Amino acid sequence: PPGSASPDTDECLESQVAAEEASLERLAPSLSLVQLAGNRSKDTCASLNTCYIYKPGLPCQCNSHCVRYGNCCADFHSTCHEYHFRDPSLSRPSEAPLITFYVYRAQNDRNFGPLNTNAASLSGVLWYLQNEIVPYCSTQTRGGTPGYRRYGKTRILRYKVTMKATTPLFKRGMNFGSRVAFDSGKNTGAWEPEKDMVYSY
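Everything in this summary refers to the structure shown in the same document.

Parameters at a glance
Residues numbered from 1 in each chain as written. Predicted model: local features only at pLDDT ≥ 70, side-chain atom pairs only at ≥ 80, totals over all residues. Heavy atoms only, no water. Helix = DSSP H or I, 4+ residues; strand = E, 2+ residues; numbered from the N terminus. Expected span 1.5 Å × (residues − 1). Buried < 20%, exposed > 50% of the residue type's maximum accessible area, 1.4 Å probe, protein only. Arc of directions from axis to C-beta. Contact = heavy atoms within 4.5 Å. Disulfide = S-S within 2.5 Å.

Below, the discussion takes up helix α6 (residues 122-133). Taking 1.5 Å as the rise per residue, α6 with 12 residues should run 16 Å; its terminal C-alpha atoms sit 15 Å apart, in good agreement. Of the positions making up α6, those classed as buried are V125, L129 and I133. Summarising the axial view, the buried residues of α6 lie within an arc of 45°, below the 170-degree limit, and thus occupy one face. Relative to its buried face, α6 has exposed residues pointing more than 90 degrees away, namely S123, W127 and Q130. Buried positions along α6 lie against β1 (99-107) and β2 (155-163).

This paragraph deals with the environment of S91. Structurally, S91 can be placed in the loop between α5 (76-80) and β1. Residue classification places S91 among the partly exposed residues on the basis of a relative accessible area of 48%. A sequence separation of 76 residues divides S91 from T167, and the C-alpha atoms of the two residues are 9.9 Å apart.

Here we take up the state of the cysteines. Applying the stated rule across the entire model yields three disulfides. Put simply, C45 and C62 are joined by a disulfide, and their sulfur atoms are 2.1 Å apart. Negative torsions about the S-S bond denote left-handed disulfides, and the value of about -100° found for C45 with C62 makes this one left-handed. Of this pair, C45 sits in helix α3 (residues 45-48) while C62 sits in the loop between α3 and α4 (66-69), and the two are 17 residues apart along the sequence. Comparing C45 with C62, the two get one shared label, buried. Shown here is the disulfide that connects C66 with C72, its sulfur atoms set 2.0 Å apart. One disulfide, between C66 and C72, carries an S-S torsion of 90° and so falls in the right-handed class. We note that C66, like C72, is buried.

Shown next as structure tokens:
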């Protein structure tokens with residue numbers, strides 16, 4: 001998938017690009033490869049809505065590999081290298097009501113802010129402790145050193161959160177989006193993360 005290229009992915013992309021370039025060179029042998037990439041079509045990243053997503057079969061691409069393979073759409077740098085809201089309402093204050101609630105987190109004795117960390121309802125954090133902490137005596141497997149608490153968990157923290165849903169999400173009748181894994185500052189759990197980008201920043 002885009003953004004996680006492997007040698008097989010590179011070979012596949014290289015063969016596709018080579019085949020497209022060979023076909024275009026037969027049709028217009030006087031054009032350079034750079035000119036060919038820029039003149040394949042009137043399609044643009046803005047019209048295709050494909051920034052950072054590889055879409056096979058398109059005449060030009062807007063993902064991180066297009067510079068390497070010389071097949072970027074003409075507006076790749078201006079459209080995809082600047083931040084653009086997929087929904088214009090995201091550039092304005094949310095129309096959703098302000099809501100306040102508590103979330104909970106199991107943590108060790110270290111003190112750090114709740115940045116890129118998981119939190120849950122009270123019942124959710126108790127389920128986590130019972131199913132992923134209590135049965136384990138080591139950091140990896142069951143049956144480790146007696147008395148060792150997995151990950152060194154020692155306490156449950158409570159956070160008071162005040163927030164608004166985004167306007168696009170609220171207009172769909174929701175205050176919260178679907179639950180996905182969120183690691184290293186990005187969505188790592190959705191099968192089609194680009195669909196969720198319509199509702200968020």
